[in-house]
Amino acid sequence: MNQDFIKYRKIIEQFRGQVNKSDFEAKFVAATKNLAKTDKFLLKMELKRLATPCNRLIDLRGLVDGECKTYEHDKRPHFLDDIAIRAFEENIAHYGSYTFGVYEAVKNTENNFRVIYQKEKSQLDLAEVPDNNQKVFDKTQYSANLLSFGPYYNRREERMNFAIPVLVYIGEQELECTSSDLSISGIKLRVPLSHTVKIGQTVELRFSGLEQEFKFGQQNMFAYNVCNIQVLDNIQLVGFAREYNADNEKDGFSQFLKGFIQGNKRRYKVNLDNTISALQARSIEQYLLPKVSELPIFLQKQGEQLLPRYAISSPNNQQLIQYWQDESGKTTLHNLATEERIKFLLNSSRLSKTLRVYSFVHQNKGKSYFYSMDERQLQADKSFAHQFLAFASSKSSFAISELSLLDNDSRFAHSPLTIRHLLAKKDQYLDKPLSEEVKKIISTLPYALVVTDVSDQHSRLDYQTLTYQELNTQKLRHFGHKRLATPPMIDIVGINYRNQRQEPRFKYITDALVQHDTEQFVGQSCDFSISGLKIELTESTELKKGNIVYLSFPKLQKITSAFDLKALPYEVMGVNKKKTTINLRVHVENHQHIGRAFFKLLIDKNRDKLTTDEYVMMIPGLAKSLRNMYAQRFTIPGLVIQTSGSRYKIETLCCSGEYGKLLPHMSQLSDRSGYYNLYPLLSNLAAMNVLTASLKKMQANDVAEHLLLYIAINNSDQLIENAVTTKLDSELETPELKQMFIRNALKQGQFYCVKLVFSRVESPDMNYLNPELSYIGSYAIHRGKQIEHDIWSVAGVGQIIDITEEVLFRHKICSSNASTSNSVALEQSAEQAS
């Protein structure tokens, strides 16, 4: 309907299909007596247009949120879903034939993606101009489904969606059931809930629906075993697998089913559930895992010890990695993952316990000395605990980490595609099995230690309210870590799905001068390859992508006379958000570039001495295997942020295990079974405005940003908007207000404090996703289009880091110290008064 006639919708609905009736004119005049002549004329023309016969075919595949099928009218095929068919038939009844009114009604059903987008956009516009007398948001349900990363199952046989009557014989009992899908070796049946079956039970099936069209001879009863039972919306779905033996493994019935499915799968469609769920999870995995903010460390069994061996790095956990590096850049993660801490977590693994570690780094004569004290040690010596925390927080390097231990399962090191048996030859490299070398290494990695930063911007200031007067330096030395002559070897492995680098990069720091027009910038190289390098500048720059700059390397020039390393032309390929880091590529003005020749020679002569970039592994396939194993045990909940018109929506949670108490609580708040209500996270308008504004400005290579949320849940109140209170940390401006919020929350119910870490994402590697996407599209083009749309709609990801325990510990220790200080001050003032 034309936007000009929206206000006359009721009149148009009233006169649908009545333009050609004899009493139309009289009724129309009566109904429009209060309208202007011009409006009356235009409205009558619109009604006549809608009643004009139409010969357009309608194809809604990929345009609606529904399953489309062929629908014939007057021997002309249309592709419509169930809602569109109802709209078609309803309007045909009014208009009497296929007219433009019918066509437009079908094209504008409520599940049409264009209509959904327009509704969301109009709601957003209304929200931006709120009525002062009304609440802007009264929404209490922010439903999100939970997505797990694997395991992804590869079906040995294709299943065809096929509904036929099947008789089930359990002993002497006969049940009439209907099939849901069918394969050569199995079948899924809708079994009445009144009848119970058990997994492992053997039954006999008779395919009565097929017998009406095909003859099976004397053998018409086939033995099947119950494999799985599922109840969905009061429907009991039971999976059966055929019982084979040497006599019936390749019998006539199996051959019949093979030919029947092959000949009819285009008509009845293949069951794509496992491929669709795998593809959806794989695509989100590509977005989320490269942006993790925690640091997974794989522990290797060496004799009787468990030692850190591989650490998975991402741009968002670089701060953790760099924190535990000494002055020479070597990792000292063994100081954090000590033998005692690993043993404690190992003994507490069944209880899913975590362990907080408080640390700082002392610099002396250019060397780094690491000190740390975990919560067990703090509890064991409470008097010194206050002194340690006070002294540690006085250092700028003060940090709080949380350790948790995960079991590794080597079975999940390889993540096969669900259609591996159908892969084209050019795609078979995507599903390579593990090499024997990788299997051997994986078998020695029974656990992963996950390090999470649970500090916030207030941690250090809060602990600084404690005092460390008369610090016991002897005890402090006890918590210092010795500098080992030969520390354990820990390899840093990068998570990377889409490695577009054409050349290996090497880490190397040297001074560089960058000249652009009349400006000169000073910086240092971070890494380099033959054709490019990354420069970290001492101050921000106005350089843009495409600018040509001229580089000079004063220190490198001193070690070579064969190359003139001054004013070498490079093109700017990227600049970070802070405009302090630039990525450069050689710019060839003539036939040769001196910089490229110099760095090629430097690499060739010093390959053994240079440190390769973390994304380059010496053992092919190991990085992918470690990534797959961690994905299976991914416990810190992730959020998928998708675009929806001009706004963002969050409707997907990612997690492979229970984490904290907030997730189960959000499940209880949901009015939909199997879903989570994100109201405690998304209901605060100020927080969502900050997230939206920040995400729009962010680039994919920018460091993650975070929000700190204080959440109170009152269990006694049934109304969600009254039961849940969420505050952004900036709304609780003083420590007193924060402590008051925490006390009130604990009195009335539960208190949670979470860090919401969010990042902009890069585009996924579609080469890895395309085989399964194409397979889905070949049987259900609309589902394929919808999944592809969902993949490309992801703008960012987030993680919910629960720091409640640390905040409560800090609140308790600092508030008790404050009350002690207040009582001492009162006593002193009383003495002075007397």
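Since the structure is predicted, the reported quantities are computational estimates derived from the model, not experimental observations.

**Structural notes on the overall build of the chain**
And then number 1: Looking only at helices and strands, one finds 27 helices and 32 strands in the chain.
And then number 2: C-alpha atoms of the chain, sized along the principal axes, occupy 100 × 85 × 80 Å.
And then number 3: Residues classed as buried in the chain amount to 48% of the 834 residues present.
And then number 4: The long-range fraction of contacts in the chain, counting pairs at least 24 apart against all pairs at least 6 apart in sequence, stands at 68%.

**Observations regarding the pattern of salt bridges**
Between side chains of opposite charge, a pair can form as their charged atoms come close.
And then number 1: If you walk through the whole model with that rule in mind, you get 30 salt bridges.
And then number 2: Among the salt bridges present, the one from Glu-13 reaches Arg-16, with a minimum N-O distance of 3.6 Å.
And then number 3: Among the residues examined, Glu-13 registers a relative accessible area of 40% and is labelled partly exposed.

**Observations concerning the sheet that holds strand β32 (residues 794–802)**
And then number 1: Pairing is mixed across the open sheet formed by eight strands, whose spatial order is β28-β3-β27-β26-β32-β31-β29-β30. Looking at strand neighbours, the two that pair on one side only are β28 (675–677) and β30 (724–728), the edges of this open sheet. Adjacent strand axes in the sheet meet at a mean angle of 35° when their direction is disregarded.
And then number 2: Contacting β3 (143–147), β26 (638–644), β27 (647–654) and β32, helix α9 (residues 273–288) runs over the sheet at an angle of about 75° to β32.
And then number 3: Along the sheet, helix α22 (residues 685–697) contacts β26, β27, β29 (705–714), β30 and β31 (749–760); its crossing angle with β31, the most-contacted strand, is approximately 15°.

**What to know about the pairing of strand β9 (residues 222–232)**
And then number 1: Bridge count between strand β8 (residues 202–206) and β9: four bridges; the pairing is antiparallel. When the sheet's bridge partners are listed, Glu-204 is paired in β9 with Ala-223.
And then number 2: Across eight bridges, the pairing between β9 and strand β10 (residues 235–242) is antiparallel. Pairing of Asn-228 across the sheet is with Gly-239, part of β10.
And then number 3: Once β9 ends, the chain turns through two residues before running back antiparallel as β10, passing Asp-233 with a positive phi of about 50°.

**Observations concerning the sheet that holds strand β12 (residues 305–313)**
And then number 1: The strand order across the open sheet built from seven strands is β14-β13-β15-β16-β11-β12-β17, with neighbouring strands paired in mixed fashion. Strands at the two margins of the open sheet, each flanked by one partner only, are β14 (367–374) and β17 (491–494). Taken pair by pair, the neighbouring strands of this sheet meet at an average axis angle of 35°, ignoring direction.
And then number 2: In the packing of helix α11 (residues 339–347) onto the sheet, the strands contacted are β11 (295–302), β12, β13 (355–364), β14, β15 (399–407) and β16 (447–453), and the crossing angle to β15 comes to about 50°.
And then number 3: Across the sheet, helix α13 (residues 382–393) lies against β13 and β14, angled at about 55° from β13, the strand it touches most.

**Considering the confidence of the model for the chain**
Should pLDDT be low for a region, the predicted coordinates there are not to be read in detail.
And then number 1: The pLDDT averaged across the chain works out to 86; a share of 91% of its residues lies at or above 70.
And then number 2: Across residues 127–138 the pLDDT falls below 50, and counting only partners more than four positions away or on other chains, this stretch makes four contacts in the model.
And then number 3: Of the regions scoring below 50 in pLDDT, residues 821–834 engages in zero contacts with residues more than four places distant in sequence or in other chains.

**Looking at the pairing of strand β2 (residues 76–80)**
And then number 1: Relative to β2, strand β1 (residues 69–73) is paired through five bridges, and the arrangement is antiparallel. Bridging across to β2, Tyr-71 finds its partner in His-78.
And then number 2: The antiparallel hairpin formed by β1 and β2 contains two residues in its connecting segment, where Asp-74 sits at a positive phi of about 55°.

**Considering the packing of aromatic side chains**
And then number 1: Overall, the coordinates contain 39 aromatic pairs when judged by the stated rule.
And then number 2: A centroid spacing of 5.6 Å and a plane angle of 20° characterise the contact between Phe-256 and Phe-260, whose relative ring orientation is stacked. With Phe-256 and Phe-260 both in helix α8 (residues 252–268) and four residues apart, the pair spans about one turn of that helix.
And then number 3: On the basis of an interplanar angle of 90° and a centroid distance of 5.7 Å, the ring pair of Phe-553 and Phe-599 is categorised as edge-to-face.

**Points about unusual backbone geometry**
And then number 1: In the Ramachandran plot, Lys-365 falls in the positive-phi region, its phi being about 55° despite a non-glycine side chain.
And then number 2: With a relative accessible area of 81%, Lys-365 lands in the exposed category.

**Details of helix α26 (residues 781–792)**
And then number 1: The terminal C-alpha atoms of α26, which comprises 12 residues, lie 17 Å apart, in line with the 16 Å expected from a rise of 1.5 Å per residue.
And then number 2: Here α26 has its buried residues at His-782, Gly-784, Gln-786, Ile-787 and Ile-791.

**So, empty space enclosed by the protein**
And then number 1: Following the criterion strictly, the structure yields five cavities of 30 Å³ or more and no others.
And then number 2: In this structure, the largest cavity spans a volume of roughly 80 Å³.
And then number 3: Split by residue class, the lining of the largest cavity holds five nonpolar, five polar and three charged.

**Observations concerning a nonpolar patch on the surface**
And then number 1: On the surface, Leu-193, Ile-199, Ile-229 and Val-231 cluster together to form a nonpolar patch covering roughly 350 Å² of accessible area.
And then number 2: Note on Ile-229: relative accessible area 33%, which makes it partly exposed.

**Thoughts on the side chain of Asp-456**
And then number 1: Among the secondary structure elements, Asp-456 is positioned in the loop between β16 and α15 (459–463).
And then number 2: At a separation of 2.6 Å, a polar atom in the side chain of Asp-456 contacts the main-chain amide nitrogen of His-458.
And then number 3: One polar contact links Asp-456 to Arg-810, side chain to side chain, over a distance of 2.8 Å.
And then number 4: Apart from the residues within four sequence positions on either side, Asp-456 is in contact with Leu-708, Ile-803, Val-807 and Arg-810.

**Considering the side chain of Gln-387**
And then number 1: Its location among the elements puts Gln-387 in helix α13.
And then number 2: Every residue in contact with Gln-387, bar those within four places of it in the chain, is listed here: Thr-467, Tyr-468, Gln-469, Glu-470, Leu-471 and Asn-472.

**Let's talk about the packing of helix α2 (residues 24–31) against helix α3 (residues 37–50)**
And then number 1: Close contact between α2 and α3 brings their axes to 12 Å; oriented N to C, the two are set at 135°. Classed by the angle they form, the pair α2 and α3 counts as oblique. The interaxial crossing formed by α2 with α3 has right-handed handedness. The residues of α3 that touch α2, namely those facing Phe-24, Glu-25 and Phe-28, are Lys-40, Leu-43, Lys-44 and Leu-47.

**Details of the nonpolar core**
Where a protein is soluble and globular, its nonpolar side chains tend to be buried together.
And then number 1: Ranked by size, the top nonpolar core spans 55 residues in total, and within it Phe-149, Phe-298 and Leu-626 carry the most contacts.
And then number 2: Going through the elements one at a time, α9, β12, α14 (436–442), β16, α19 (622–632), α25 (766–779), α26 and β32 are the ones with two or more residues in this core.
And then number 3: For Leu-626, the contacting residues outside a window of four places in its chain are Phe-298, Tyr-310, Ile-312, Ile-442, Leu-445 and Val-493.
And then number 4: Listed in part, the 38 residues of the second largest apolar core include Tyr-371, Phe-388, Leu-466 and Ile-742.

**Quick notes on the state of the cysteines**
And then number 1: Summed over all chains, the structure comprises zero disulfides.
And then number 2: Left unpaired, Cys-68 is separated from the closest cysteine sulfur, that of Cys-54, by 18 Å.
And then number 3: Taking relative accessible area as the criterion, Cys-68 reaches 12% and is therefore assigned buried.

**Quick word on the environment of Val-588**
And then number 1: Among the secondary structure elements, Val-588 is positioned in the loop between β24 (581–586) and α18 (594–606).
And then number 2: A residue is classified by how much of its surface remains accessible, and Val-588, at 35% relative accessible area, is partly exposed.
And then number 3: Considering only alpha carbons, one finds Val-588 and Leu-568, 20 residues apart in sequence, at a separation of 9.5 Å.

**A closer look at the environment of Ile-199**
And then number 1: Within the element layout of this structure, Ile-199 appears in the loop between β7 (186–191) and β8.
And then number 2: When the C-alpha positions of Ile-199 and Ile-229 are compared, they lie 7.3 Å apart, and in sequence the two are 30 residues distant.
And then number 3: Setting aside residues no more than four positions away along its own chain, Ile-199 makes contact with Val-226, Cys-227, Asn-228 and Ile-229.

Calculation criteria
Residues numbered from 1 in each chain as written. Predicted model: local features only at pLDDT ≥ 70, side-chain atom pairs only at ≥ 80, totals over all residues. Heavy atoms only, no water. Helix = DSSP H or I, 4+ residues; strand = E, 2+ residues; numbered from the N terminus. Buried < 20%, exposed > 50% of the residue type's maximum accessible area, 1.4 Å probe, protein only. Contact = heavy atoms within 4.5 Å. Salt bridge = Lys/Arg side-chain N within 4 Å of Asp/Glu carboxyl O. Pairing = 2+ DSSP bridges. Axes fitted to C-alpha atoms, helices over the stretch in contact; angles between N-to-C directions. pLDDT = per-residue confidence, 0-100. Phe/Tyr/Trp six-rings, centres within 6.5 Å; stacked < 30°, edge-to-face > 60°. Expected span 1.5 Å × (residues − 1). 1 Å grid on protein atoms, 1.4 Å probe; cavity = no way out; pocket = protein on both sides within 12 Å on 5 of 7 lines; lining within 4 Å. Points joined across faces, edges and corners; volume = space filled by probe spheres on them. Nonpolar A, V, L, I, M, F, W, Y, C, P; charged D, E, K, R; others polar. Patch = residues over 30% accessible without salt bridge, like charges linked within 9 Å, V, L, I, M, F, W, Y side chains within 5 Å. Areas by Shrake-Rupley, 256 points an atom, 1.4 Å probe, with all protein chains shown as cover. Polar contact = N/O pair within 3.5 Å; in protein donor to acceptor, adjacent residues only side chain to side chain. Parallel < 35°, antiparallel > 145°, perpendicular 65-115°, else oblique. Left-handed = near helix turned anticlockwise from the far one by under 90°. Core = buried A, V, L, I, M, F, W, Y, C linked by side-chain atoms within 4.5 Å. Disulfide = S-S within 2.5 Å.

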